[in-house]
Amino acid sequence: MGVSTDADVQTSDIRRLTEVIQQTKVPAVFIESTINPKQLQQIAKDNNVRIGGRLFADSLGDEDSPAPTYIKMLRNNTDVIVAALIRDRPALVDHNGTNQQKKPLWMYVIGGLTAIGLIILIVVKRKKA
């Protein structure tokens, strides 16, 4: 919701996020695993958008989580995002993070490339700051 997970959320951030959700008809928003979800849950409720699931962005999960390693984190995040964005289809991942069906390799490649691109973008922005 901010530039980084450490940034304080401003009223303008919430307003801008609400505008983006409404203009683009976002079907789901995602909770980051290390951030308190209350504010995003309220935004989702106010905008009639579902919570797509919990993503691991700033850290891996513990050994019992669906994301104890980097590769499993990429797979989990990809599964959660795809399941939330495919409307009117059964979820690919249950609430315990258990895979319900085998996913094609291209899903993981796209998810991994997206994650790498986001990491590069964050590093570049931090170097410029």
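For the structure itself, consult the block above.
These figures come from a predicted structure and were not determined experimentally. (Residues numbered from 1 in each chain as written. Predicted model: local features only at pLDDT ≥ 70, side-chain atom pairs only at ≥ 80, totals over all residues. Heavy atoms only, no water.)

*Asks:* Teacher, can you tell me more about unusual backbone geometry here?
*Replies:* The phi angle of most residues is negative, glycine excepted, and most peptide bonds adopt the trans form. Its identity as a non-glycine residue notwithstanding, lysine 25 has a phi of 55°, on the positive side. Looking at where lysine 25 falls in the secondary structure, it is placed in the loop between helix 1 (11-24) and strand 1 (28-32). Its identity is not glycine, yet asparagine 48 carries a phi of approximately 55°, on the positive side. Counting through the fold element by element, asparagine 48 comes out in the loop between helix 2 (38-46) and strand 2 (50-55). (Helix = DSSP H or I, 4+ residues; strand = E, 2+ residues; numbered from the N terminus.)

*Asks:* Would you mind showing me how to read the pattern of salt bridges here?
*Replies:* Throughout the structure, instances matching the rule amount to one salt bridge. Where aspartate 13 meets arginine 16, a salt bridge forms, and the shortest distance between an N and an O atom there is 2.7 Å. Residue aspartate 13 and its partner arginine 16 are both found in helix 1; the two are separated by three residues, about one turn of the helix. (Salt bridge = Lys/Arg side-chain N within 4 Å of Asp/Glu carboxyl O.)

*Asks:* Explain the packing of helix 1 against helix 2 to me, please; I cannot follow it from the model alone.
*Replies:* For any two helices packed against each other, the geometry comes down to the angle between their axes and how far apart the axes lie. Two elements in contact, helix 1 and helix 2, have axes separated by 11 Å at closest approach and are oriented at 40°. Judged by the inter-axis angle, helix 1 sits oblique to helix 2. Read as a crossing pair, helix 1 and helix 2 show a hand that is right-handed. Side by side, helix 1 and helix 2 meet where Ile14, Leu17 and Ile21 of the first sit next to Gln39, Leu40 and Ile43 of the second. Among the residues making up the contact of helix 1 with helix 2, the classes are represented as five nonpolar, one polar and no charged. (Axes fitted to C-alpha atoms, helices over the stretch in contact; angles between N-to-C directions. Parallel < 35°, antiparallel > 145°, perpendicular 65-115°, else oblique. Left-handed = near helix turned anticlockwise from the far one by under 90°. Contact = heavy atoms within 4.5 Å. Nonpolar A, V, L, I, M, F, W, Y, C, P; charged D, E, K, R; others polar.)

*Asks:* Would you take a moment to explain helix 1 for this structure?
*Replies:* Every α-helical turn comprises 3.6 residues, leaving residues that sit three or four positions apart pointing alike. Given a rise of 1.5 Å per residue, 14 residues ought to cover 20 Å, and the 20 Å separating the end C-alpha atoms of helix 1 matches this to within 8%. Those residues of helix 1 not exposed but buried are Asp13, Thr18 and Ile21. Across the axial projection of helix 1, the buried residues extend over an arc of 130°, all falling on one side. Exposed residues on helix 1 whose side chains face more than 90 degrees from its buried face are Thr11, Gln22 and Gln23. Its buried side turned inward, helix 1 meets strand 1 and helix 2. Looking one or two places after helix 1, you find lysine 25, whose phi comes out positive at around 55°. (Expected span 1.5 Å × (residues − 1). Buried < 20%, exposed > 50% of the residue type's maximum accessible area, 1.4 Å probe, protein only. Arc of directions from axis to C-beta.)

*Asks:* Even after reading the chapter, I still don't get the nonpolar core, so can you show me in this structure?
*Replies:* Of all hydrophobic cores here, the largest spans seven residues; its members are Ile21, Val29, Ile31, Leu40, Ile43, Ala44 and Val49. At the level of secondary structure, the elements contributing two or more residues to this core comprise strand 1 and helix 2. If one sorts the elements of this core by residue count, helix 2 sits on top with three residues. Core analysis: the next-biggest nonpolar cluster, separate from the first, contains five residues, Phe56, Ala67, Leu74 and Ala115 among them. (Core = buried A, V, L, I, M, F, W, Y, C linked by side-chain atoms within 4.5 Å.)

*Asks:* What exactly am I supposed to notice about the packing of helix 3 (residues 70-85) against helix 4 (residues 105-128) here?
*Replies:* Relative orientation of the contacting elements helix 3 and helix 4 amounts to 105°, with a least axis distance of 9 Å. When the axis of helix 3 is compared with that of helix 4, the two are roughly perpendicular. For the pair helix 3 and helix 4, the contacting residues are Tyr70, Leu74, Arg75, Thr78, Asp79 and Val82 in the first and Met107, Tyr108, Gly111, Gly112, Ala115, Ile116 and Ile119 in the second. For the contact of helix 3 with helix 4, the per-class residue count stands at eight nonpolar, three polar and two charged.

*Asks:* Where do I start with the side chain of threonine 78 in this structure?
*Replies:* One can find threonine 78 in helix 3. Other than its neighbours up to four places away in sequence, threonine 78 contacts Met107, Tyr108 and Gly111.

Worth remembering: the numbers are spatial, not functional.
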